[in-house]
Amino acid sequence: MKSKIAFLLFFGLIISKGNAQTKTVEYEDGNQVLSGLSILPAKQLRNKPGVLILPAWMGIQNHEKEVAYKLAALGYQSFIADIYGVDQRPTNYNEAGAKAGYFKKNIKEYQIRIQLALDQLVKQGANPDDIVVIGYCFGGTGAVEAARTNMKVKGIVSFHGGLGKDATRAIEKINPKVLVLHGADDPYESKEEVDNFKDEMRNSRADWQMVYYANAVHAFTHKDAGSDNSKGAAYNEKADKRSWEAMLNFFKEVL
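Treat the numbers as computed from the prediction; the structure is a model and nothing was measured. (Residues numbered from 1 in each chain as written. Predicted model: local features only at pLDDT ≥ 70, side-chain atom pairs only at ≥ 80, totals over all residues. Heavy atoms only, no water.)

(A) Quick look at the layout of surface pockets. Size it by volume and the largest pocket reaches roughly 950 Å³. What lines the largest pocket is a set of 36 residues, and nearest its centre among them are Ala-56, Trp-57, Cys-137, Phe-138 and His-218. Breaking the lining of the largest pocket down by element, the ones donating at least two residues are helix H1 (62–73), helix H2 (93–105) and helix H4 (138–148). The leading source of residues in the lining of the largest pocket is H2, at 6 residues. Class assignment for the residues of the lining of the largest pocket results in 13 nonpolar, 12 polar and 11 charged. Those elements giving two or more residues to the lining of the second largest pocket turn out to be H1 and helix H6 (237–254). A per-element tally of the lining of the second largest pocket places H1 first, with 5 residues. Residue composition of the lining of the second largest pocket, by class: 4 nonpolar, 5 polar and 6 charged. (1 Å grid on protein atoms, 1.4 Å probe; cavity = no way out; pocket = protein on both sides within 12 Å on 5 of 7 lines; lining within 4 Å. Points joined across faces, edges and corners; volume = space filled by probe spheres on them. Helix = DSSP H or I, 4+ residues; strand = E, 2+ residues; numbered from the N terminus. Nonpolar A, V, L, I, M, F, W, Y, C, P; charged D, E, K, R; others polar.)

(B) Focus on the nonpolar core. The biggest cluster of nonpolar side chains holds 37 residues, and the ones touching the most others in it are Leu-52, Ile-83, Val-133, Ile-156, Val-178 and Phe-197. Contributions of two or more residues to this core are made by strand E3 (20–29), strand E5 (50–54), H2, helix H3 (107–123), strand E7 (131–136), H4, strand E9 (177–183) and helix H5 (191–203). The element contributing the most residues to this core is H3, with 6 residues. With sequence-adjacent residues up to four places away left out, Phe-197 is seen in contact with Val-144, Arg-148, Leu-163, Val-178, Val-180 and Met-210. (Core = buried A, V, L, I, M, F, W, Y, C linked by side-chain atoms within 4.5 Å. Buried < 20%, exposed > 50% of the residue type's maximum accessible area, 1.4 Å probe, protein only. Contact = heavy atoms within 4.5 Å.)

(C) Broad picture of the packing of H3 against H4. At their nearest, the axes of H3 and H4 sit 10 Å apart, and the two run at 85° to each other. Classified by the angle their axes make, H3 and H4 are roughly perpendicular. Taking contact as the criterion, the partners of Ile-107, Tyr-110, Gln-111 and Ile-114 in H3 are, on H4, Phe-138, Gly-139, Thr-141, Gly-142 and Glu-145. Looking at the contact of H3 with H4 residue by residue, the class counts come to 4 nonpolar, 4 polar and 1 charged. (Axes fitted to C-alpha atoms, helices over the stretch in contact; angles between N-to-C directions. Parallel < 35°, antiparallel > 145°, perpendicular 65-115°, else oblique.)

In structure tokens form, the structure reads like this:
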């Protein structure tokens, strides 16, 4: 039998890829239909830990799927969230910037979409007591929000994510452990914003870590971002590999 088999069942599309099984899952936020991806490993870890993956501003792309398959090979079940909706997905960077910007300004709506995806991860069989949220760029912002709102997760990992927060929002105690993986030369996060984030982590009494990667700018894990740091977003192989290992070490600690 071929390693890639696709067949349609009444509950959605299921695709076997290598040792992982991917299923499209439709769910709703009011009248908005959302469609995420559930990735189930062939052999789960004993405690069935789950990883919620929050995509970058373009929505569910090959990058997020590759991350999910790599996690499946290690025994982690994952769910890739659909933040925008089936008929709201951006087709270019301008649209992506506008849509991501909307959710950053309307942060409670973003939080709701994250929680709905988290619920789906549990419904697909992940252990509700052993979950981590990870996110990339815009999704990294969402991962931090999952910590700020104390969603029922063990920890969060933000890869080159936005760290800003409305100064009028109260600082609450943060329970999930926090790992921020950040490009040392990321031009999209000002020193003031980073410093404010650090102060927030201290004042919230969070268990947090922040790792900087040399010569890395925004989107350093995205292979399709090119290699020109002067553009502000570029792939950095060394930072990509190091941040992946940092995440796995974090998983071993919190899960």
